[in-house]
Every structure is written in structure tokens, then in C-alpha cells.
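Each chain is listed here by its residues.
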Amino acid sequence: MKNKILITGGAGFIGSHVVRRFVTNYPHYEIVNLDKLTYAGNLANLKDIEDRPNYRFIKADITDPIEINELFLKEEFDAVIHLAAESHVDRSITDPTAFVMTNVIGTVNLLNAAKECWKGSYAGRRFYHVSTDEVYGSLGETGLFTESTVYDPHSPYSASKASSDHFVRAYHDTYGLDSVISNCSNNYGSHHFPEKLIPLAINNIKNNKPVPIYGKGENVRDWLWVEDHARAIDVIFHQAKSGETYNIGGHNEWKNIDLIKLLCSIMDLKLGRGSGDSEKLITYVKDRAGHDLRYAIDSTKLQENLNWVPSLQFEEGLAKTVDWYLENEEWLNDVTTGQYQNYYAGQYITLD
Ligand code: NAD
Ligand code: DAU
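Just so it is clear, the model here is predicted, and its values are computed rather than measured.

**Some details on helix 7 (residues 226-239)**
Its 14 residues give helix 7 an end-to-end C-alpha distance of 20 Å, which sits within 8% of 20 Å, the value for a rise of 1.5 Å per residue. For helix 7, a buried count of ten out of 14 residues is recorded, marking the element as mostly surrounded by other parts of the structure. Buried residues of helix 7: Val-226, Asp-228, His-229, Ala-230, Ala-232, Ile-233, Asp-234, Val-235, Ile-236 and Phe-237, and no others.

**Topic: the packing of aromatic side chains**
For the structure shown, the criterion picks out 22 aromatic pairs. With 6.3 Å between their ring centres and 40° between their planes, Phe-145 and Tyr-295 make a pair best called tilted. Of the two residues, Phe-145 sits in the loop between strand 5 (126-132) and helix 5 (156-175) while Tyr-295 sits in the loop between strand 13 (282-285) and helix 9 (300-306), which places them 150 residues apart along the sequence. Of the two residues, Phe-145 and Tyr-295, both sit in the buried class. The rings of Tyr-39, Phe-193, Tyr-214, Tyr-340, Tyr-343, Tyr-344 and Tyr-348 are connected pair by pair, giving a single aromatic cluster. A cation sits over an aromatic face here: Lys-115 above Tyr-175, 4.5 Å from the ring centre.

**Considerations on helix 12 (residues 339-347)**
Taken as a whole, helix 12 has its buried residues at Tyr-340, Tyr-343 and Tyr-344. Down the axis, helix 12 shows its buried residues gathered within 95° of arc, on one side only.

**Concerning the site of ligand 2**
Neighbouring ligand 2 are 24 residues, the closest being Asp-133, Tyr-157, Arg-288, His-291 and Tyr-348. In this structure, Asp-133 approaches ligand 2 through a side-chain N or O atom, which is 2.5 Å from an oxygen atom. Here an oxygen atom of ligand 2 and a side-chain polar atom of Tyr-348 are 2.6 Å apart. At the level of elements, helix 3 (89-94) and strand 8 (211-214) are the ones that each hand at least two residues to the shell around ligand 2. No other element matches the three residues that strand 8 contributes to the shell around ligand 2. Residue composition of the shell around ligand 2, by class: nine nonpolar, eight polar and seven charged.

**Here we look at the site of ligand 1**
In the vicinity of ligand 1 there are 29 residues, among which Ile-14, Asp-35, Ser-87, Tyr-157 and Lys-161 approach most closely. The separation between an oxygen atom of ligand 1 and a polar main-chain atom of Phe-13 is 3.0 Å. Protein chains shield 96% of the accessible area of ligand 1, which is 830 Å² for the free molecule. Mapped by element, the contributors of at least two residues to the shell around ligand 1 are helix 1 (13-25), strand 5 and helix 5. The biggest single contributor to the shell around ligand 1 is strand 5, with three residues.

**Points about the packing of helix 6 (residues 197-206) against helix 10 (residues 314-327)**
Packing of helix 6 against helix 10 leaves a shortest axis separation of 11 Å and a crossing angle of 55°. The pairing of helix 6 with helix 10 is recorded here as oblique in orientation. In this structure, the crossing between helix 6 and helix 10 has a hand that is right-handed. Each of Ile-198, Pro-199, Ile-202 and Lys-206 in helix 6 lies in contact with helix 10, whose residues at this interface are Phe-314, Leu-318, Thr-321, Val-322, Tyr-325 and Leu-326. Taken together, the residues of the contact of helix 6 with helix 10 sort by class into eight nonpolar, one polar and one charged.

**Comments concerning the environment of Thr-107**
With respect to the helices and strands, the residue Thr-107 is situated in helix 4 (residues 96-118). Note on Thr-107: relative accessible area 1%, which makes it buried. As a C-alpha pair, Thr-107 and Gly-143 span 36 residues in sequence and 30 Å in three-dimensional space. Those residues in contact with Thr-107 that lie beyond four places of it in its chain are Ile-62, His-82, Thr-102, His-129, Ser-164 and Val-168.

**A closer look at the pattern of salt bridges**
Within this structure, the stated rule accounts for 20 salt bridges. One salt bridge in this structure joins Arg-56 and Glu-75, with 2.8 Å as the shortest N-O distance. Of this pair, Arg-56 sits in strand 3 (residues 55-59) while Glu-75 sits in helix 2 (residues 65-75), and the two are 19 residues apart along the sequence. When its relative accessible area of 30% is taken as the criterion, Arg-56 is described as partly exposed.

**Examining the pairing of strand 6 (residues 179-184)**
By the criterion of burial, strand 6 is predominantly enclosed, with six of the six residues buried. The alternating pattern of strand 6 places Ser-179, Ile-181 and Asn-183 and Val-180, Ser-182 and Cys-184 on opposite faces, both of which are buried. Relative to strand 6, strand 5 runs parallel, the two sharing six bridges. Considered in strand 6, the bridge of Phe-127 is made with Ser-179. Of the crossover connections in this fold, the one passing from strand 5 over helix 5 to the parallel strand 6 is right-handed. Of the pairings in the sheet, the one linking strand 6 to strand 11 (residues 245-248) comprises four bridges and is parallel in character.

Cut-offs used in this document
Counting restarts for each chain, with residues numbered from 1 along the sequence as it is written. All chains are assigned letters beginning with A, and all ligands numbers beginning with 1, in the order in which they are written. Local features in this predicted model are restricted to residues of pLDDT 70 or higher, and side-chain atom pairs are both shown and tallied only at a pLDDT of 80 or more, whereas totals for entire chains, interfaces and linings draw on every residue. The side-chain quantities take in all heavy atoms of the structure and omit both hydrogens and water. Starting at the N terminus, helices and strands are each numbered in turn, a helix being any DSSP run of H or I of at least four residues and a strand any DSSP run of E of at least two. Given the number of residues in a helix, its expected span is that number minus one, multiplied by 1.5 Å. For every residue, the accessible area (1.4 Å probe, protein chains only) is compared with the maximum for its type, and the residue is labelled buried under 20%, exposed over 50%, or partly exposed between those bounds. Here a pair means two rings of Phe, Tyr or Trp (six-membered ring of Trp) with centres within 6.5 Å. Their orientation is stacked below 30 degrees between planes, edge-to-face above 60, and tilted elsewhere. Placement of a charge over a ring requires the Lys NZ or Arg CZ to be within 6 Å of the ring centre, with the centre-to-atom vector within 35 degrees of the ring normal. This arc is taken over the directions from the axis of the helix to the C-beta atoms. Whether a residue is near a molecule or strand depends on its heavy atoms: it is near if one of them lies within 4 Å of it. For the purposes of these results, a polar contact is taken to be a pair of N or O atoms within 3.5 Å, where, inside protein, one atom must be able to donate a hydrogen and its partner to accept one; residues adjacent in sequence count only when each atom of the pair is a side-chain atom. Gly is placed with the polar residues, together with every amino acid not listed as nonpolar (Ala, Val, Leu, Ile, Met, Phe, Trp, Tyr, Cys and Pro) or charged (Asp, Glu, Lys and Arg). Residue-level accessible areas treat just the shown protein chains as cover; the underlying method is Shrake-Rupley with a 1.4 Å probe. Here the axes come from fitting lines to C-alpha atoms, over the contacting stretch only for helices, and the angles between their N-to-C directions go from 0 to 180 degrees. Angles are sorted into four bins: roughly parallel if under 35 degrees, roughly antiparallel if over 145, roughly perpendicular if 65 to 115, and oblique for all others. The hand of a helix crossing depends on one turn: near helix anticlockwise from the far one by less than a right angle means left-handed, and clockwise means right-handed. Contact criterion: two residues are considered in contact whenever any of their non-hydrogen atoms come within 4.5 Å of each other. We define a salt bridge as a contact between a side-chain nitrogen of Lys or Arg and a carboxyl oxygen of Asp or Glu at a distance within 4 Å. At least two DSSP bridges between two strands are required for those strands to pair. Crossover handedness is defined here as right-handed if the route from the first strand over the helix to the second strand goes clockwise, with the strands pointing away from the viewer.

Next up, the structure:
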């Protein structure tokens, strides 16, 4: 039994969905959410479950080894589901060091604390590392990433995630740590911070602002409903063998420009605008440096071994996502004031 589970990064986008799922589905588990609450962390994401008796929040920084070691010794967690990270590729291009600190050093701090606390006795204990398909680099027009695709990261973000994956495997191979890793494609859904393509576009379309498309909009991403990712994490956490890796993806590839056109048509309907009105906001801007052309996941292993399949069609999921943002104006306003304005002005300097 894995009873007392530390979830790191639980106040972020995917983490909050994972925390909600575990708190709700496993009332006999004690779920501890550890988060530094960076610009991307928001406890409002967990308002609906914050009073549940099996949930607790701890504000802490995974880059601080003393704080993390003390916490592990005091709390004696049975398992870790590690999501805390700097997660935005564009920010990694302007400040790579922050990504090394959180994604590499932070992960190693957690591995050390787990190793010290568990002292080689891993029965019923597990370190689950949540990673990304970006570690595999970029695909051409064809092909899919499998679990044996060679790592070939290009951005400082993906290099830091690749490094953290290697450390998790090294702790498994060297110290026998019970660990699993999953590498997932692009997620979408509620509570997604509006620095990422879909929520940024929703916010801009809503406010009649230009929608920035990098380069020619030809880059392809494989989009997965965030709750399907949380369900995959649940299944892998409980059923994978130690040392295994699983790829998670939606079999749902979209060119950025096609995705944004679909989003514009959904928003025209929801906002009562004329057909084609929102598309006029599309604005091509300078391409992202080192922009990976295409990501696409082969999730056969997960589907066949653990019976997981994505639950939602993209059109339905995107419409639900738009509804959530339109119904949660206060959330959107809160996260797009202050610091966000400075980030936006710096990142989209060529837009106006
Ligand atoms: P996010 O940026 O929304 O959330 C990250 C969370 O980590 C935030 O709550 C933040 O406060 C916290 N955090 C950051 N630095 C910290 C530190 N030093 N100490 C403690 N907490 C800290 O990210 P997300 O999109 O929810 O991604 C979560 C995880 O999933 C990441 O590891 C990311 O690499 C991975 N992932 C994301 C996607 C995606 O599409 N978003 C896809 C695959 C994998
Ligand atoms: O593939 C998984 C990864 O997906 C995760 O590991 C990352 O944490 C997550 O941020 C995401 O990375 P991407 O770089 O693919 O996501 P982003 O939303 O930033 O960009 C999606 C695509 O849209 C990408 O090709 C860049 C493009 N884009 C993005 C922004 C923010 C634009 O054209 N305009 C924009 O303004």
C-alpha cells in the first residue's frame, strides 16, 4: 500500500488535476501537495478540494536540499509523484539556469531525500517522475516517439527534463530506487497558465488582441486532455513495474495554425461573433529559437499493458476548455495581471 503520497508541483496546471484525482479517488490516501508557488503555481486551482481531510499543502522549494531532507525525515512519505518544474520552453530560452536549478537540482534533491529516508527498503515505496516527450527531440513529417527513441533534446527546458530523467534512471540502476517515468505530449484543459499556446490564444481572442503564431504555424503538437494525463499517471503509478518508462499521448496531431483556426471558430460561436471574425486576430511573429517541428507519441505500450486510452475527442475537449475559461474570468484576470504583463511585453515585443 502506498498511503502517504507527496505530490510536487500540485498547484500547477497538471499537478492540480493529479492532486484532485488522487484526493477524490483515494480517500484512504494522505495526499501532501508540495509547491513553491512560483508564478505558475496557484492554490485557487485546488479551491474545490482544499478542505478535504486527506489533503494538505506545504509551501517549499525543491531546490533547497536541507528543507527537503528535513521534510522527508519528518513526514516519512511512502511515495512521490514529482511534477514540480519550470515548464515553459520560451522562458527556458531567456533564463536557462532557473531550469537547471529546479528541474535538475530539484529532482536530484528529491531523489536524495527519498533514498536517505527509505534506506534501500523499497517495498510499497515508489518515486514517480513526470516528464515530457520533448526529451526525444523533433520528428520530421513521419514517425512517432516510442519508449526506446534516443534522447535528443534541443531547448534548455527539454535538456533539463532529459537530465532529470537520466538521474531518476541512475538512482534506480545504482541504488535500486523503485522508480517509474512517464513522458507525455502537450496537455490542454482547465487551469492552464496563459503563457502556453491554447490558454494564451483563448485569452487574446476573448479580449480581441492579436493571437501570436510563431514562424509559419507549421509546427505540429500531439494534444492530450489533461484529465486523461492524470488518469494515465494514476494507472502507471499503481501498475507499472519499477524501472519502467511509459509514453503518454493523444494520437491527436495538429499544426499550430490549424489548431488556432479551430479555436477561433469555436470562440466565434461561443462569443456570438460572426464566422471568421476571430481568425482576423491571427498574427505571425518571429519564430521560437530552436523550434522543434513535430512531436507525436506512440502510446501502444500504455494502451496494451495498462489498458489506458484517451477519453475525449479534441473538438469536444477544446470546446470544454473554452467554456471553462469563459466561465472563470476571475481566475484568468488574477493570473494575467501584475507579473504576467511584464512577461507578455518582453516575450511578444514584436507583436505591436
Ligand atoms: P506548471 O508550470 O503549470 O506547474 C509547475 C508547478 O511547479 C507550479 O505549481 C510551480 O509553482 C511548481 N514549482 C516550480 N518550481 C518549484 C520549486 N523550485 N519547488 C517547488 N515547486 C515548484 O507545469 P505543468 O504544465 O503543470 O507541468 C507539470 C509537469 O509535467 C512538469 O514536470 C512538466 O515538465 C511536465 N509535463 C508538462 C506537459 C504540458 O503539456 N504542460 C506535458 C508533459 C509533461
Ligand atoms: O510536449 C510537451 C510539452 O508541451 C511540455 O513538456 C511543456 O511543459 C509544455 O509547455 C509544452 O511545450 P510546447 O513548447 O509544445 O508548448 P507551447 O504551448 O509553449 O507551444 C505550443 C506550440 O505553439 C509550439 O509549437 C510553439 C507555438 N506557440 C506557442 C506560443 C506560446 C506559438 O505559435 N505562439 C505562442 O505564443
